[in-house]
Amino acid sequence: MKFFKKRSLLLIFLTNISFAQEDSAEYKIELIIFKYVDFETNETFNTKLKIPNEDLVYLYDEASLSDKTEHSNFSNMSEFYTNLFNNVDEINIKKLPKPLYRDNDNLNVLNKLKGKIADDKNHILLDTKSWIQTIPDIESSNFLSYQSQNNYGFLIKFYKKRFMHIDLKAYLGNSYTKNYNIKTFIDNEKRIFNEEIHFFDHPYFGVVVSVSEI
């Protein structure tokens, strides 16, 4: 009897999650980061990058500098589901993590652009990333952090504040050292809309980001 009771409660709870999340649309995020081979600039870069002092979600792959942990590779749902199946009588729907991340390694919108950058002798393709996520309000949003072994990285956050916004901090360097001194970086926050492609430019490198509701 207890098993059937738990199963019924679980089905009801999962239905409630569905209704609770129906307004939290998922978005496919695609990102390209590249360097310029030849560049000319009279700018001097003395300002240092400020790394956000808050909870981060870490993106992990074979090329990342960080080790894989329970908080990497979009596993922010693991603790929630563990509690859900072990304590179905006590779980609170308000504990559902925001935002929700899902792995997705394929470029769709930016795939042709990736090929053009890779074939252009004036550019060096550093990396491409893609994933699926919900975009919560600003109070519930988190930076997604990635640091490559090849001396570049980014922190990116999406949130809603009447309109959707993106907060991007991309850089050439290593932010994982205790005394990091990163002066080559992009730090840009702006309003965005669905199905847009955004180009963030720096004299040394560039970042392209696509945002598409799925």
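Residues numbered from 1 in each chain as written. Predicted model: local features only at pLDDT ≥ 70, side-chain atom pairs only at ≥ 80, totals over all residues. Heavy atoms only, no water.

Asker: Whenever I open this one, the sheet that holds strand β10 (residues 205–213) confuses me. Can you help?
Answerer: Two modes of strand pairing occur in sheets, parallel and antiparallel, and in both the strands are linked by backbone hydrogen bonds. Read from one edge to the other, the open sheet built from five strands follows the order β3-β4-β1-β10-β9, with strand pairing classed as antiparallel. Each edge of the open sheet carries a strand with a single partner, namely β3 (101–103) and β9 (196–201). Between one strand and the next, the sheet's axes are offset by a mean angle of 25°, whatever the strand orientation. Sheet analysis places β9 next to β10, joined by six bridges and oriented antiparallel. Of the residues in β10, the one forming a bridge with I197 is S210. This element, helix α3 (residues 111–119), spans β1 (26–36), β4 (123–134) and β10 of the sheet and lies at about 160° to β4. (Pairing = 2+ DSSP bridges. Helix = DSSP H or I, 4+ residues; strand = E, 2+ residues; numbered from the N terminus. Axes fitted to C-alpha atoms, helices over the stretch in contact; angles between N-to-C directions. Contact = heavy atoms within 4.5 Å.)

Asker: What's the story with the packing of aromatic side chains in this structure? I'm lost.
Answerer: In this description, an aromatic ring pair is defined by two values, namely the gap between the centres and the angle between the planes. All chains considered together, the criterion is met by four aromatic pairs. Between F34 and F199 the ring centres are 6.2 Å apart and the planes differ by 5°, which places this aromatic pair in the stacked class. Residue F34 is found in strand β1, and its partner F199 is found in strand β9; the two are separated by 165 residues along the sequence. Among the aromatic residues, those joined into a cluster by ring pairs are F34, Y36 and F199. Positioned above the aromatic ring of F163 is the side chain of R191, whose terminal nitrogen or guanidinium carbon lies 4.5 Å from the ring centre. (Phe/Tyr/Trp six-rings, centres within 6.5 Å; stacked < 30°, edge-to-face > 60°. Lys NZ or Arg CZ within 6 Å of the ring centre and 35° of its normal.)

Asker: What's the story with the pairing of β1 in this structure? I'm lost.
Answerer: The side chains of a regular strand alternate between both faces of the sheet. Where burial is concerned, most of β1 is hidden: nine out of the eleven residues are buried. Bridging between β1 and β4 involves eleven bridges; their strand directions are antiparallel. Counted as the bridge partner of Y36 is H123 from β4. Of the strand pairs in this sheet, β1 and β10 are connected by nine bridges, and their pairing is antiparallel. Pairing of L31 across the sheet is with V209, part of β10. (Buried < 20%, exposed > 50% of the residue type's maximum accessible area, 1.4 Å probe, protein only.)

Asker: Would you mind showing me how to read the nonpolar core here?
Answerer: Generally speaking, soluble globular proteins have nonpolar side chains that are buried together. Grouped together as the largest cluster of nonpolar side chains are 29 residues, with contacts concentrated most on W131, F154, I156, F158, V207 and V209. When residues of this core are traced back to their parent elements, those giving at least two are β1, β4, β5 (143–147), β6 (152–161), β7 (163–172), β8 (185–192) and β10. Tallying contributions element by element places β7 first for this core, with five residues. Not counting the four nearest positions on each side in its chain, F154 is found in contact with L31, L59, K129, W131, L144, S145, Y146, L168, K169, A170 and Y171. (Core = buried A, V, L, I, M, F, W, Y, C linked by side-chain atoms within 4.5 Å.)

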